[in-house]
Amino acid sequence: MVGLPGAGKTTRAAELAAAHPALRLTPDHWMVPLFEDSMADGKRWVLEGRLISLALQALRLGTSVVLDYGLWGRDERSALRWLARSAGAACRTVYLPVDKDVQLARIADRQATTPDRTFPMSEADVDAWREQFQAPDAAELNSGEIPPPPPGWPGWPEWAADHWPSCTES
Ligand SMILES: Nc1ncnc2c1ncn2[C@@H]1O[C@H](COP(=O)(O)OP(=O)(O)O)[C@@H](O)[C@H]1O
Ligand SMILES: [Mg+2]
């Protein structure tokens, strides 16, 4: 899943997980109960790394996985596509674009109805995140080609192990 907070990723991920069926991995549903915070001094990347390892184990067992991360960066998405392929799985990027007004309304609605599954987000946060987000283009969504890692990296596994500490093979 790719998209900003409030884009509808977890809602769609649950639908996809039921339809396939697939294992759905939603870091926010772990971070908030564990740490009452979605980032917790970088622990999010540690948790995401462990869940990626779990996802790869599931793929090798023949179980489909929905990775319900935000995946704002193109490199994150390329790394995960590479890892999925290395586990023998097909990979589909599901991008949910969202206009800012719809995003703000959904965030407010979610905060009011399920505060235990989310965290407070201001309009300034949303503006900053919309600037940071690298939306996938048509080539990324439609082509099976995976670009090489950034200069200096021997491969995507090494990049992933740096970006997501604890993203190891087991
Ligand atoms: N397609 C949709 N139409 C209207 N509301 C939606 C839709 N998808 C999600 N929502 C609502 O918007 C809020 C955010 O959705 P969620 O799936 O939690 O987004 P994300 O996981 O991308 O942050 C939730 O309250 C959800 O019920
Ligand atoms: Mg979500």
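How each quantity is defined
Residues numbered from 1 in each chain as written. Chains lettered and ligands numbered in written order. Predicted model: local features only at pLDDT ≥ 70, side-chain atom pairs only at ≥ 80, totals over all residues. Heavy atoms only, no water. Salt bridge = Lys/Arg side-chain N within 4 Å of Asp/Glu carboxyl O. Helix = DSSP H or I, 4+ residues; strand = E, 2+ residues; numbered from the N terminus. Buried < 20%, exposed > 50% of the residue type's maximum accessible area, 1.4 Å probe, protein only. Phe/Tyr/Trp six-rings, centres within 6.5 Å; stacked < 30°, edge-to-face > 60°. Patch = residues over 30% accessible without salt bridge, like charges linked within 9 Å, V, L, I, M, F, W, Y side chains within 5 Å. Areas by Shrake-Rupley, 256 points an atom, 1.4 Å probe, with all protein chains shown as cover.

Caption draft 1: The arrangement of the pattern of salt bridges in detail. A complete count under the given rule lists seven salt bridges for this structure. Arg12 is the salt-bridge partner of Glu15, the closest N and O atoms lying 4.0 Å from each other. Placement of the pair is Glu15 and Arg12 together in helix α1 (residues 9-19), with a separation of three residues, close to one helical turn. Glu15 sits in the partly exposed class, given a relative accessible area of 48%.

Caption draft 2: Geometry of the packing of aromatic side chains. Applying the stated criterion across every chain, the model contains five aromatic pairs. With a centroid separation of 6.5 Å and 80° between ring planes, the pair formed by Trp72 and Phe133 is classed as edge-to-face. Here Trp72, found in the loop between β2 (64-67) and α4 (74-86), pairs with Phe133, found in the loop between α6 (123-132) and α7 (138-142); they are 61 residues apart in sequence, far enough to count as distant. The exposure class assigned to Phe133 is buried, which follows from its relative accessible area of 11%. Taken together, a centroid distance of 5.5 Å and an interplanar angle of 80° make the contact between Trp156 and Trp159 edge-to-face. With Trp156 and Trp159 both in helix α8 (residues 156-163) and three residues apart, this pair spans about one turn of that helix. Accessibility assignment for this pair places Trp156 and Trp159 in one class, buried. Three or more aromatic residues link up through ring pairs in this structure, and these residues are Trp72, Tyr95, Trp129 and Phe133.

Caption draft 3: Focus on unusual backbone geometry. A cis geometry characterises the amide bond from His20 onward to Pro21, with omega recorded as -10°. Among the structural elements, Pro21 can be located in the loop between α1 and β1 (22-25). In the Ramachandran plot, Leu71 falls in the positive-phi region, its phi being about 50° despite a non-glycine side chain. Classification of Leu71 by relative accessible area gives buried; the value is 9%.

Caption draft 4: Expanded view of a nonpolar patch on the surface. A contiguous nonpolar patch, built from Trp30, Leu34 and Phe35 and spanning about 310 Å² of accessible area, is present on the exposed surface. Here Leu34 lies in helix α2 (residues 28-35). Note on Leu34: relative accessible area 53%, which makes it exposed.

Any functional reading would require information beyond the geometric quantities listed.
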